[in-house]
Amino acid sequence: MGAAGALSRLVPNVGGPGAPCRKLYEGVVRSMALYGAPIWAESLTAKNAALLRRPQRALAVRTIRGYRTISFEAASLLAGSPPWDLEARVLAAVYDWRKDALSRDFRPAPREIEAKRAEFRQDLMVGWRNRLAHPSAGHRTIEAVRPVLPQWIDRRHGTLTFRQTQPCWIHCLDYSS
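Enquirer: Help me understand the overall build of the protein, please; the structure alone is not making it clear to me.
Expert: What the protein contains, in helices and strands, is 10 helices and 0 strands. For the protein, the sequential pattern of α-helices and β-strands runs α-α-α-α-α-α-α-α-α-α. Per-residue burial over the protein gives 41% buried out of 177 residues. Put simply, 71% of the contacts in the protein that link residues at least 6 apart link residues at least 24 apart.

Enquirer: I'm lost on the packing of helix H2 (residues 19-33) against helix H4 (residues 46-64) in this one. Help?
Expert: A pair of packed helices is characterised by two quantities: the angle between their axes and the separation of those axes. Where H2 contacts H4, the two axes come as close as 9 Å, and the packing angle between them is 175°. One finds that H2 runs roughly antiparallel with respect to H4. Facing Arg 22, Lys 23, Tyr 25, Glu 26, Val 29 and Ala 33 of H2, the residues of H4 in contact are Leu 52, Pro 55, Leu 59, Arg 62 and Thr 63. Residues of the contact of H2 with H4, tallied by class, amount to 6 nonpolar, 1 polar and 4 charged.

Enquirer: Please clarify how the nonpolar core should be interpreted in this entry.
Expert: The nonpolar side chains of soluble globular proteins are, as a tendency, buried together. Counting residues in each nonpolar core, the largest one holds 24 residues, and the members touching the most others are Ile 70, Leu 77, Trp 128 and Leu 149. The element best represented in this core is helix H7 (residues 110-132), accounting for 6 residues. Those residues within four positions of Leu 149 in sequence are excluded, and the remaining contacts are Leu 77, Met 125, Trp 128, Arg 129 and Leu 132. One finds Val 29, Leu 34, Trp 84 and Ala 88 within the second-largest nonpolar core, a separate group that totals 10 residues.

Enquirer: Explain unusual backbone geometry here, please?
Expert: Residues other than glycine predominantly adopt negative phi, and peptide bonds predominantly adopt the trans conformation. Of note in this structure, Asp 105 is not a glycine but carries a positive phi near 60°. Structurally, Asp 105 can be placed in the loop between helix H6 (84-103) and H7. Using a relative accessible area of 75% as the deciding quantity, one classes Asp 105 as exposed.

Enquirer: In this structure, what is going on with the packing of H6 against H7? I would like to understand it.
Expert: At their nearest, the axes of H6 and H7 sit 9 Å apart, and the two run at 150° to each other. By the angle class used here, H6 and H7 are roughly antiparallel. Note on packing geometry: the crossing formed by H6 with H7 is right-handed. Of H7, the residues touching H6 (which contributes Asp 85, Leu 86, Glu 87, Arg 89, Val 90, Ala 93, Val 94, Trp 97 and Arg 98) are Glu 112, Ile 113, Lys 116, Arg 117, Phe 120, Arg 121, Leu 124, Gly 127, Trp 128 and Arg 131. Residue composition of the contact of H6 with H7, by class: 9 nonpolar, 1 polar and 9 charged.

Enquirer: Looking at this structure, I do not really get the side chain of Glu 87. What am I missing?
Expert: Within the secondary structure, Glu 87 is located in helix H6. Residue Glu 87 is classed as buried on the basis of its relative accessible area of 7%. At 2.5 Å, the side chain of Glu 87 and the side chain of Arg 30 are in polar contact. Those residues in contact with Glu 87 that sit more than four places away from it in its chain are Arg 30, Leu 34, Pro 82, Arg 121 and Leu 124.

Enquirer: Before we go on, may I ask you to explain H4 in this structure?
Expert: Residue pairs spaced three or four apart in an α-helix point in one direction, given the helix's 3.6 residues per turn. Across its 19 residues, H4 extends 26 Å between first and last C-alpha, which sits within 8% of the 27 Å expected from 1.5 Å per residue. After H4 finishes, the residue Arg 65 shows a positive phi value of roughly 60°.

Enquirer: Could you clarify how one ought to interpret the confidence of the model for the protein in this entry?
Expert: Caution applies to low-pLDDT parts of the model: their predicted coordinates are not meant to be read in detail. Averaged over every residue, the pLDDT of the protein is 83; the share at 70 or more is 79%. No element of the protein has a lower mean pLDDT than helix H10 (residues 162-173), which averages 50, and none a higher one than H6, which averages 95. Every residue in residues 168-177 scores below 50 in pLDDT, and together they form 19 contacts with partners more than four places removed in sequence or on other chains.

Enquirer: Any chance you could explain the pattern of salt bridges here in plain terms?
Expert: Summed over the entire model, instances satisfying the criterion amount to 8 salt bridges. Linking Arg 117 and Glu 114 is a salt bridge whose minimum nitrogen-to-oxygen distance equals 2.5 Å. Pair noted here: Arg 117 and Glu 114 are both in helix H7, with a separation of 3 residues, about one helical turn. Assessed through its relative accessible area of 32%, Arg 117 is described here as partly exposed. The partly exposed category is assigned to Glu 114, whose relative accessible area is 44%.

Rules used in this analysis
- Residues numbered from 1 in each chain as written.
- Predicted model: local features only at pLDDT ≥ 70, side-chain atom pairs only at ≥ 80, totals over all residues.
- Heavy atoms only, no water.
- Helix = DSSP H or I, 4+ residues; strand = E, 2+ residues; numbered from the N terminus.
- Buried < 20%, exposed > 50% of the residue type's maximum accessible area, 1.4 Å probe, protein only.
- Contact = heavy atoms within 4.5 Å.
- Axes fitted to C-alpha atoms, helices over the stretch in contact; angles between N-to-C directions.
- Parallel < 35°, antiparallel > 145°, perpendicular 65-115°, else oblique.
- Nonpolar A, V, L, I, M, F, W, Y, C, P; charged D, E, K, R; others polar.
- Core = buried A, V, L, I, M, F, W, Y, C linked by side-chain atoms within 4.5 Å.
- Left-handed = near helix turned anticlockwise from the far one by under 90°.
- Polar contact = N/O pair within 3.5 Å; in protein donor to acceptor, adjacent residues only side chain to side chain.
- Expected span 1.5 Å × (residues − 1).
- pLDDT = per-residue confidence, 0-100.
- Salt bridge = Lys/Arg side-chain N within 4 Å of Asp/Glu carboxyl O.

Here you go:
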């Protein structure tokens, strides 16, 4: 959380570095948070997953230039950042697959490893989509993006600005539900 807080101060909502730099900062903290994930991912509890959500939410809010009151689900969705506990499970699955292959004296080629990683990543997207089916807040924002989740995550154009995020923030309040 300390690294996330320090980096968050470098990226104000209005002005500051652009989207690529914001994603880079998010990636740095993600790498720190998921260090050793293949070892601890299987024993991840709900309490520990909540600890992972705190820095992810802080960085996602800064990535999308949103208010600090936006929900975790909406902020991570708009930032295109799957929950880190799901990502930890992908890292663990790839590690276990490689370990199993090596124990059978099979050295997978880099393209095979990438194919397996892509397969596990698809499982992550299914798990994330299932979680987004029952969000705790930000219902309207999630309803808008969830049907096009893969396209949203894989897009190579368009970045959110502070002004563009404001309608999403208003929907994240979602007093009706």
